[in-house]
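Survey of secondary and tertiary structure
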Amino acid sequence: MEDQDLANRARGFMRPEKIDILQLPKSVIGRVIGKAGATIKDIRERTGARIDARDQTEDPVQVLLSGTLEACEHAKALILEVAD
């Protein structure tokens, strides 16, 4: 198992330290994503977190955050700031 972990790390596939799900009202998702994805892209770049809000058919929309603990917490704070 350890050899597999090393091989995955060498290829850039690391298991995220943290996975969190934010539930946001459908009415604010447009603001979170931004025009042509600019806002969510900026949050991804600033925090290093992976952010996925692909399925927007449900209300509330589930936004998946993954990455380091610090990256996820920072992304969550920025998303909630934009959503308010």
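Please refer to the structure higher up on the page.
Residues numbered from 1 in each chain as written. Predicted model: local features only at pLDDT ≥ 70, side-chain atom pairs only at ≥ 80, totals over all residues. Heavy atoms only, no water.

Looking at the pattern of salt bridges
Threshold: One side-chain nitrogen of Lys or Arg within 4 Å of one carboxyl oxygen of Asp or Glu is enough to make a salt bridge. Think of it this way: any DSSP run of H or I at least four residues long counts as a helix, any run of E at least two long counts as a strand, and we number them from the N terminus. The buried label applies to any residue whose accessible area, calculated with a 1.4 Å probe on protein chains only, is under 20% of its type's maximum; exposed applies above 50%, and partly exposed to all values in between.
Evaluated as defined, the whole model comprises 4 salt bridges. The shortest N-O distance in the salt bridge between aspartate 42 and arginine 46 comes to 3.3 Å. One end of the pair is aspartate 42 and the other is arginine 46, both in helix α3 (residues 38–47) and 4 residues apart, which spans about a single turn. Notably, a salt bridge pairs arginine 54 with aspartate 52, separated by 2.9 Å at the nearest N-O pair. Under the relative-accessibility criterion, arginine 54 is labelled exposed at 66%. Aspartate 52 gets classed as buried once you look at its relative accessible area, which sits at 16%.

As for the nonpolar core
The following threshold applies: To qualify as a nonpolar core, a set must consist of buried Ala, Val, Leu, Ile, Met, Phe, Trp, Tyr and Cys residues joined through side-chain atoms within 4.5 Å. Contacts: residue pairs with any heavy atoms within 4.5 Å of one another.
Ranked by internal contacts, the top residues of the largest apolar core, which has 19 residues, are Leu24, Ile43, Ile51, Val63, Leu65, Ala75 and Ile79. Here this core takes 6 residues from helix α4 (residues 69–83), the largest share from any one element. Ignoring sequence-local partners within four residues, the contact set of alanine 75 consists of Ile43, Thr47, Ala49, Ile51 and Leu65.

Section: the sheet that holds strand β1 (residues 18–24)
Condition: Should DSSP find at least two bridges between two strands, the strands are regarded as paired. Comment: axis = line fitted to C-alpha atoms, over the contacting stretch for helices; angle = value between 0 and 180 degrees taken between N-to-C directions.
The 3 strands are arranged β1-β3-β2 in an open sheet whose pairing can be described as antiparallel. The open sheet has two edge strands, β1 and β2 (50–52), and neither has a second partner. Averaged over all adjacent pairs, the angle separating strand axes in this sheet is 20°, with direction ignored. One ladder, built from 3 bridges, connects β2 with strand β3 (residues 61–67); its direction is antiparallel.

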